[in-house]
Amino acid sequence: MIENSSIENDSLDLGLGGVLVKDSKVIVKDPTADVGILAITPCEGVELVINGVAVTGRTAVREKDEIVLKPLTVEEPGSYKITVAPDCLSAKLEVSMGTTTVYSIMDAGPEINLTLKAERRSEKKCPFTLVDILQGLSGKNITFGIKHSEIQAIMAGKEDGSYLIAEGTAPGETINDRVELKFNDGQEGQKVKDSSDKVNFRDLGEILSVEPGTLLAERYVGSQGKPGRKVSGEMIIPPKPVACDITAGKGVEVSSDGSKVISKVSGRPIAKRLGKGFVIDVDPILHKKGDIDIQSGNIRFKGDVVVHGNVCEGMTVQAAGRINVLGMIFGAQIAAQGDITAVQNITGGNLVAGGNNSFFKAFYKHLDALQSDLTEVGRMVSGMAEQAKIKNVKTGQLVQLLIDKKYARVHNLISEIIKISGQNTFIIPRDMVDLLETIEKKLSGLNVLKIESPEEFNRIIAEIKDVQKTIENMAENKANITFAYSVNSKIEASGDVKVEGGGCLNTNINAGGNVTIKGVFRGGEIQAGGNIILNEAGSEMGARTLIKAESGRKIMIRKAYEGVRLQIGGRMASITEMQNNIKAELDDVGTLVISY
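Calculation notes
- Residues numbered from 1 in each chain as written.
- Predicted model: local features only at pLDDT ≥ 70, side-chain atom pairs only at ≥ 80, totals over all residues.
- Heavy atoms only, no water.
- Pairing = 2+ DSSP bridges.
- Helix = DSSP H or I, 4+ residues; strand = E, 2+ residues; numbered from the N terminus.
- Phe/Tyr/Trp six-rings, centres within 6.5 Å; stacked < 30°, edge-to-face > 60°.
- Buried < 20%, exposed > 50% of the residue type's maximum accessible area, 1.4 Å probe, protein only.
- Lys NZ or Arg CZ within 6 Å of the ring centre and 35° of its normal.
- Expected span 1.5 Å × (residues − 1).
- Salt bridge = Lys/Arg side-chain N within 4 Å of Asp/Glu carboxyl O.
- Core = buried A, V, L, I, M, F, W, Y, C linked by side-chain atoms within 4.5 Å.
- Contact = heavy atoms within 4.5 Å.

Chemist: Explanation requested: the pairing of strand β9 (residues 79-84) in the structure shown.
Modeler: Within a regular beta strand, the side chains point alternately toward one face of the sheet and then the other, so they alternate between its two faces. Two strands pair when backbone bridges link them, and β9 and strand β10 (residues 90-96) are joined in this way by six bridges, in the antiparallel orientation. If you follow V84 over to β10, its bridge partner there is A91. Where β9 folds back onto β10 in an antiparallel hairpin, the turn is made up of five residues, including C88, whose phi is positive at roughly 60°.

Printed below as a string of structure tokens:
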């Protein structure tokens, strides 16, 4: 095909002939010289038609040929898919965008062998319409939470991806009932706080115990979550909360609203699972299976203690109630605010029952004097509080000044209290231990300066008064000690002491009440606030034996050896030879009378 325009003719190089493309048209000029055969080769995106026939490869052409170029438009449809989540709370649209590719023919040539050139331009095309999507959602029964604006944005953005196009409402979380234990039920003992670097391996734990009125457990009522909604519009009803009850066992009570468990007695709290709930008990008796030794650690308990084995050397058993030791006691310390019973022998033991003994009397005396002085200081501090505040004098500074100027004995009283307590730690009740810690941290030395307010100082005084009441109550409740046999031991009771077995060797007994020994008492000393009744006292070898009773009381001995000394009140006499059926008492004028 030849067009004789001047532009086209000018395009041909010196009339040598060739093939060129201009404005999407092919121009062929046969060559005037022997330069070979003219040819044209199609390219991607352009259909080449020569003389009505589409060609796909290099083809020879002449001026007379009819050559037509047809640029193509290629459509890639893309794809999309709507998926619903397994929980039916969301639906996603997965999109792979389509494309429309448009080819345009580029000018080229003139050349003997011309290869066509085409420029292509591609555009992304959304594979769906809004109607398509809405119909697809309807087909999957999606009617709730459709994100119309998101769908519009997807169509406008024309980007491949996975898009959230419908979202339901998740149900609210259901919170089940729960019971919170206010004590650690997972271990028998609690570690004792000790700020020092030294570790006492015998004092590894303290048995958990509580006082009456202690909150042991609390039940928190659960709640049902708010209903949710699936993308299908179906409602989702959350499960109802699982009930968790607390049942009162022995020694406890449940509050009227059923939410709290409170102890009624002193003892060891125990929680047992019952179905979905708990049964809470407070056992006033701690049963310790086996021996009390370095592996078990010392026992301290705010109730009664029964030891089913031995109490070994260096160990301590302390109880706010009674103590019953079924095994033997070797070089151990036993202290109870109630009675102590030792079924078998005591060797090198130190037993204290009740609070009516020399330590508690001395402790109370110093504590009472301290409380009296501090109460006076407290009154003065309260009266001077406003003036001290104006002068920017802190409470601790004011307390320190008053003690130094007017109550100097306070420092000595504190030192003496700490000293005698350190010598008798095994018989000190827990509240007394806490008070001693308060005194050391708040009242000893320069620690007084740490007191921040009159109220804090008055709380310390109140704590002192509470311990005073504890000691007074211990003195009122007479506690007895009963055992079978003792050697090289110390026995002290606020009530009676009874020896039911073989007796005592080199033992000191101090009783607030009567002392009764069925066996022998050889070596040592008995001091009693009541009557003393012995089967046999002293020995043929003259073991030092002293028997002391208060005025108005009697000493009765079935058999006494030479050298036994008897004392009633301020009067004393010695047995000069072995005697039977001795009875000693003071007559009306205070003379010690010994009858046989």
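Chemist: Any chance you could explain the packing of aromatic side chains here in plain terms?
Modeler: The geometry of an aromatic ring pair comes down to the distance between the two centres and the angle between the two planes. According to the stated counting rule, one finds three aromatic pairs in the structure shown. Seen from their ring centres, Y80 and F128 are 5.1 Å apart, and the 65° between their planes marks the pair as edge-to-face. Linking Y80 in strand β9 with F128 in the loop between β14 (118-125) and α2 (130-139), this pair joins segments that are 48 residues apart in sequence. Overall, the relative accessible area of 3% leaves F128 in the buried class. Taken together, the ring pairs in this structure connect F359, F360 and F363 into an aromatic cluster. Directly above the ring of Y220 sits R178, whose terminal nitrogen or CZ lies 4.2 Å from the centroid.

Chemist: Would you take a moment to explain helix α5 (residues 395-406) for this structure?
Modeler: Along an α-helix, a turn takes 3.6 residues, which lines up residues three or four apart on a common side. Spanning twelve residues, α5 covers 16 Å between terminal C-alpha atoms, matching the ideal 16 Å at 1.5 Å per step. Buried within α5 we find T395, G396, L398, V399, Q400, L402 and I403.

Chemist: Just checking my understanding: could you explain the pattern of salt bridges for this structure?
Modeler: Opposite charge on two side chains permits them to pair, given that their charged atoms come into close proximity. Scanning the model with the defined rule gives 17 salt bridges in all. Note that E180 and R178 form a salt bridge whose closest N and O atoms lie 3.4 Å from each other. On the accessibility criterion, E180 (28% relative accessible area) is partly exposed. Accessibility expressed as a relative area gives 42% for R178, which makes it partly exposed. The salt bridge involving K441 is made with E437; its shortest N-O contact spans 2.9 Å. Separated by four residues within a single helix, K441 and E437 lie in helix α7 (residues 430-442), roughly one turn from each other.

Chemist: Any chance you could explain the nonpolar core here in plain terms?
Modeler: Note that soluble globular proteins tend to have their nonpolar side chains buried in a common cluster. Among the nonpolar cores identified, the biggest contains 51 residues, and V311 and V497 are the most heavily contacted of them. Each residue touching V497, except ones within four places of it in the same chain, is listed here: I481, F483, I491, I509, A511, N514, V515 and T516. Core analysis: the second largest hydrophobic core is formed by 38 residues, A369, L370, I417 and I460 among them.

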